[in-house]
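# Observations on the model geometry
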Amino acid sequence: MAHMHSTTARAMAEAAAHPTGPHLVLVVLCIVLALTRGVSLLGDANASTGTAAPLHTPEQVYQMALEARTERDYPAMLALLREAGNAGDLRAQELLASTLLAGPALHGGAVAGDACEAAMWARRAAEQGSAVARHQLMMLNGPHNAGLGCAPTH
């Protein structure tokens, strides 16, 4: 082991004497450090745990949904709103409930109305304290709180 250490030290000293040597030494040290810490050399900081960080935050996904709506790409908008809503984004839940409530009235045949799914998203937003969602649920349940007859979502 001592021989390997002295050989490595000698090689690094020789590399440092070369005009590009100091940079090479730095690169080698970074690689060694990365390998000893279990970090992938391809830049995946989560390689040692096998988990991957999400590509986008719920806020970013919500913003992408708004962009899709502007472009009238309603299938993408719905998919992105569902993704952000499932991640807990309150505004995505509110907008998804509204979109599914209005359905064809706002988007023509591009978005089918679905009162039961709208109610599910409104309930999730109301659980986070949304006054908008409470109003949506009141509208869905009607003046006599008759309910929609939807299957339970919880």
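Here's a quick rundown of the structure. (Residues numbered from 1 in each chain as written. Predicted model: local features only at pLDDT ≥ 70, side-chain atom pairs only at ≥ 80, totals over all residues. Heavy atoms only, no water.)

### Digging into the overall build of the protein chain
Keep this limit in mind: The helix and strand labels rest on DSSP assignments: H or I over at least four residues marks a helix, E over at least two residues marks a strand, and numbering proceeds from the N terminus. To sort residues, take the accessible area from a 1.4 Å probe on protein chains only and compare it with the maximum for the residue type: under 20% means buried, over 50% means exposed, and anything in between is partly exposed. Every residue pair with non-hydrogen atoms within 4.5 Å of one another is taken to be in contact.
Helices and strands together make up the secondary structure of the protein chain, namely 8 helices and 0 strands. Scanning the protein chain from its N terminus toward the C terminus, one meets helices and strands in the order α-α-α-α-α-α-α-α. Across the 154 residues of the protein chain, 25% fall into the buried class. Within the protein chain, counting contacts between residues at least 6 apart in sequence, those at least 24 apart form 41% of the total.

### Considerations on the packing of helix α5 (residues 90–102) against helix α7 (residues 115–127)
For clarity, the cut-off: Note on definitions: angles span 0 to 180 degrees between N-to-C directions of axes, and those axes are lines fitted to C-alpha atoms, for helices only across the stretch in contact. Under this scheme an angle from 65 to 115 degrees is roughly perpendicular, one under 35 degrees roughly parallel, and one over 145 degrees roughly antiparallel; angles in between are oblique. By convention, the crossing between two helices is left-handed when the near helix turns anticlockwise from the far helix through less than a right angle, and right-handed when the turn is clockwise. Think of it as three bins: nonpolar holds Ala, Val, Leu, Ile, Met, Phe, Trp, Tyr, Cys and Pro, charged holds Asp, Glu, Lys and Arg, and polar takes everything else, Gly as well.
Across the interface, α5 lies against α7 with an axial gap of 8 Å and an inter-helix angle of 155°. By the angle class used here, α5 and α7 are roughly antiparallel. Seen along the crossing, α5 lies across α7 with a hand that is left-handed. Judged by residue contacts, Leu 90, Gln 93, Glu 94, Leu 96, Ala 97, Leu 100 and Leu 101 of α5 engage Glu 117, Ala 118, Trp 121, Ala 122, Arg 124 and Ala 125 from α7. Split into classes, the residues belonging to the contact of α5 with α7 amount to 9 nonpolar, 1 polar and 3 charged.

### Section: unusual backbone geometry
A positive phi is found at Arg 72, a non-glycine position, where the angle reads about 60°. Inspection of the secondary structure assignment puts Arg 72 in the loop between α3 (58–70) and α4 (74–86). With a relative accessible area of 64%, Arg 72 lands in the exposed category.

### Remarks on the nonpolar core
Most often, soluble globular proteins have nonpolar side chains that are buried together. The line we're drawing: The set of buried Ala, Val, Leu, Ile, Met, Phe, Trp, Tyr and Cys residues whose side-chain atoms join them within 4.5 Å is what this entry labels a nonpolar core.
Core analysis: the largest hydrophobic core is formed by 25 residues, its most contacted members being Tyr 62, Met 77, Leu 78, Leu 81, Leu 96 and Leu 100. Within the residue set of this core, elements represented by two or more residues are α3, α4, α5, α7 and α8 (131–141). Among the elements that line this core, the one with the most residues is α4, at 6 residues. Ignoring anything within four residues of it in the chain, the contact list for Leu 96 reads Leu 78, Leu 81, Arg 82 and Trp 121.

### Quick look at α7
Side chains that are three or four residues apart share a direction in an α-helix, a result of its 3.6 residues per turn. Quick reminder of the rule: Expected span, for any helix, means 1.5 Å times one less than how many residues it has. Whenever a nitrogen or oxygen atom comes within 3.5 Å of another N or O atom, the pair is scored as a polar contact, on the condition that within protein one atom can donate a hydrogen and the other can accept it, and that pairs from neighbouring residues in sequence are kept only if both atoms are in side chains.
When the terminal C-alpha atoms of α7 are compared, their 18 Å separation across 13 residues agrees well with the 18 Å that a helix rising 1.5 Å per residue should span. Considered for burial, the residues of α7 that qualify are Glu 117, Ala 118, Ala 119, Trp 121, Ala 122 and Ala 125. Tucked inside the fold, the buried residues of α7 contact α4, α5 and α8. Where α7 begins, the capping side chain belongs to Asp 114, and its oxygen is found 3.2 Å from the backbone nitrogen of Cys 116. Looking one or two residues beyond α7, the residue adopting positive phi is Gly 129, at roughly 95°.

### Concerning the side chain of Asp 89
Condition: The charge count treats Lys and Arg as positive and Asp and Glu as negative. His and the chain ends do not count. Any Lys or Arg side-chain nitrogen found within 4 Å of a carboxyl oxygen on Asp or Glu counts as a salt bridge.
Take Asp 89: it is sitting in the loop between α4 and α5. We note that Asp 89 is buried and unpaired, the nearest opposite charge coming from Arg 91 at a distance of 4.3 Å. In terms of polar contacts, Asp 89 uses its side chain to reach the backbone amide nitrogen of Ala 92, at 2.9 Å. When residues no more than four places from it in sequence are discounted, the contact partners of Asp 89 are Pro 58, Glu 59, Tyr 62 and Ala 84.

### Remarks on α4
Taking 1.5 Å per residue as the helical rise, α4 with its 13 residues ought to reach 18 Å, and the 18 Å between its terminal C-alpha atoms agrees with that figure. Turning to α4, its buried residues are Tyr 74, Met 77, Leu 78, Leu 80, Leu 81, Ala 84 and Gly 85. Close packing links the buried residues of α4 with α3, α5, α6 (104–107) and α7. Just downstream of α4 lies Gly 88, where phi reads positive at about 100°.

So far we have only geometry, and geometry alone does not tell us how the molecule works.
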